[in-house]
Amino acid sequence: MRKWGLALALAITGPLSACVETRQYADLQFTPPQGDYKLLVLRPDVTVGSLTTGGMTEPRADWTEQARTNIIAALRAQQAGRGGDVLVLDRRNQLPGVRDQEVAEVERLFFGVLQSIVLHKYLGDYLPTKRGKGLDWTLGEDAIRLGQKTGYDYALFLHAEDQVASTGRIALGVIGLAGCFVGFCQPTVGGANQLDYAGLVDLKTGEVVWFNVVTAGSQIPGIKFGELRTPEGAAQMVERLLGRMKPGAAVRRAQGVR
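Note that the structure is a prediction, hence the values are computed from the model and not measured.

### Here we look at helix H4 (residues 141–150)
Working step 1: By the burial criterion, the buried members of H4 are Ala143, Ile144, Leu146, Gly147 and Thr150. Viewed end-on, H4 has its buried residues packed into an arc of 155 degrees, placing them on one side of the element. For H4, exposure combined with an orientation more than 90 degrees from the buried face picks out Glu141 and Gln148.
Working step 2: One or two steps after H4, the chain reaches glycine 151, where phi turns positive at roughly 80 degrees.

Written as structure tokens, this is what we have:
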């Protein structure tokens, strides 16, 4: 379901480039949480794989677990300075009075809604009824019940996909770049891509009030943009994704901000 991510990253990232792009949407009346708010961060959905010489991505369980640990630590550090009461889950059974199956169901709902958000906001298949409304999606009663049972105001969902170019892939890319000097240029075989997205749900209404996608890609062999296997790379990703939440369009207009 989420393999649209790497395709989207490849489409956004041009040849011979190394770039990071972000694109976020918010409910028209959304104001980023501040002050005495309660935020529940669901267990991050993470996949890290090795980009082989042949261009296939082989998932690596050890890299994935290492990356998830780094991301959770980065989330806790990043949110600690924002003044809210934040709980970052590393397991689904950490909420008193809430079964892990209930948490899993809310996660499934979010990733189902995600497909619609991506289709209509990022891939250009606009719905006439959604035009001009910012975000207009909801997780419904299940999300509201989660808020009632836990007392949290918001739930944050986060997904990250990371490719790490293998030695063979980098070597192939170097050969491709070298060929540019003799008239046979294949530079795009050496790069890797990263896709990260996050969604914020208001647990009082069940509505998705904010959503952001960050893509990072390099078509030059060996160039890196923050590996999730390292604490520094995970912290960089979390800051890119969550560091600058924009208010909704109506709030920005009221503030005189574009």
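There is more to say after this.
### Examining the side chain of glutamate 227
Working step 1: Here glutamate 227 shows up in the loop between strand S9 (207–218) and helix H6 (231–242).
Working step 2: By relative accessible area, glutamate 227 is classed as buried at 14%.
Working step 3: In terms of polar contacts, glutamate 227 uses its side chain to reach the side chain of arginine 229, at 2.5 Å.
Working step 4: Sequence-distant contacts of glutamate 227, that is, excluding residues within four places in its chain, are made with Asp162, Val164, Gly233 and Ala234.

### Some remarks on the pattern of salt bridges
Working step 1: By the definition in use, this model includes 11 salt bridges.
Working step 2: With a shortest N-O distance of 2.7 Å, glutamate 107 and arginine 92 are connected by a salt bridge. Placement of the pair is glutamate 107 in helix H3 (residues 100–122) and arginine 92 in the loop between strand S5 (85–88) and H3, with a sequence separation of 15 residues.
Working step 3: Residue classification places arginine 92 among the partly exposed positions, given a relative accessible area of 40%.
Working step 4: In the salt-bridge network here, residues are joined through shared partners; they are Arg76, Asp90 and Arg91.

### Re the environment of threonine 31
Working step 1: Along the chain, threonine 31 falls in the loop between strand S1 (18–26) and strand S2 (38–41).
Working step 2: Here threonine 31 falls in the partly exposed class, since its relative accessible area comes to 36%.
Working step 3: For the pair threonine 31 and alanine 250, spaced 219 residues apart in the sequence, the C-alpha separation amounts to 9.9 Å.

### Side note on the packing of H3 against H4
Working step 1: In contact at an axis separation of 10 Å, H3 and H4 are set at 140 degrees when each is read in the N-to-C sense. As judged from the angle between their axes, H3 and H4 are oblique. When you trace H3 past H4, the crossing you get is left-handed. Where H3 approaches H4, its residues Glu102, Glu105, Val106 and Leu109 are matched on the opposing element by Asp142, Leu146 and Lys149.
Working step 2: Along the lines of polarity and charge, the residues of the contact of H3 with H4 split into 3 nonpolar, no polar and 4 charged.

### Some remarks on the environment of glycine 243
Working step 1: For glycine 243, the position within the fold is in the loop between H6 and helix H7 (249–255).
Working step 2: Remark: the alpha-carbon pair of glycine 243 and glutamine 78, spanning 165 residues in sequence, is separated by 8.2 Å.
Working step 3: When residues no more than four places from it in sequence are discounted, the contact partners of glycine 243 are Gln78, Arg82 and Val238.

### Considerations on the nonpolar core
One broad trend across soluble globular proteins is that nonpolar side chains are buried collectively.
Working step 1: Counting 31 residues, the largest nonpolar core has Ile71, Leu75, Leu200, Trp210, Met237 and Leu242 as its most contacted members.
Working step 2: Those elements that provide at least two residues to this core are S2, strand S3 (45–51), helix H2 (61–80), strand S7 (154–165), strand S8 (192–202), S9 and H6.
Working step 3: The leading source of residues in this core is H2, at 6 residues.
Working step 4: In this view, leucine 242 contacts Leu75, Gln78, Gln79, Arg82, Leu156, Ala198 and Trp210; residues no more than four positions away in its chain are not counted.
Working step 5: Core analysis: the second largest hydrophobic core is formed by 30 residues, Leu40, Phe111, Val201 and Val208 among them.

### Considerations on the environment of valine 113
Working step 1: Looking at the secondary structure, you find valine 113 in helix H3.
Working step 2: Expressed as a C-alpha distance, the spacing of valine 113 and threonine 138, which sit 25 residues apart in the sequence, is 7.6 Å.
Working step 3: Filtering out sequence-adjacent residues up to four positions away, valine 113 remains in contact with Trp137, Thr138, Leu139 and Val208.

Conventions used here
Residues numbered from 1 in each chain as written. Predicted model: local features only at pLDDT ≥ 70, side-chain atom pairs only at ≥ 80, totals over all residues. Heavy atoms only, no water. Buried < 20%, exposed > 50% of the residue type's maximum accessible area, 1.4 Å probe, protein only. Helix = DSSP H or I, 4+ residues; strand = E, 2+ residues; numbered from the N terminus. Arc of directions from axis to C-beta. Polar contact = N/O pair within 3.5 Å; in protein donor to acceptor, adjacent residues only side chain to side chain. Contact = heavy atoms within 4.5 Å. Salt bridge = Lys/Arg side-chain N within 4 Å of Asp/Glu carboxyl O. Axes fitted to C-alpha atoms, helices over the stretch in contact; angles between N-to-C directions. Parallel < 35°, antiparallel > 145°, perpendicular 65-115°, else oblique. Left-handed = near helix turned anticlockwise from the far one by under 90°. Nonpolar A, V, L, I, M, F, W, Y, C, P; charged D, E, K, R; others polar. Core = buried A, V, L, I, M, F, W, Y, C linked by side-chain atoms within 4.5 Å.

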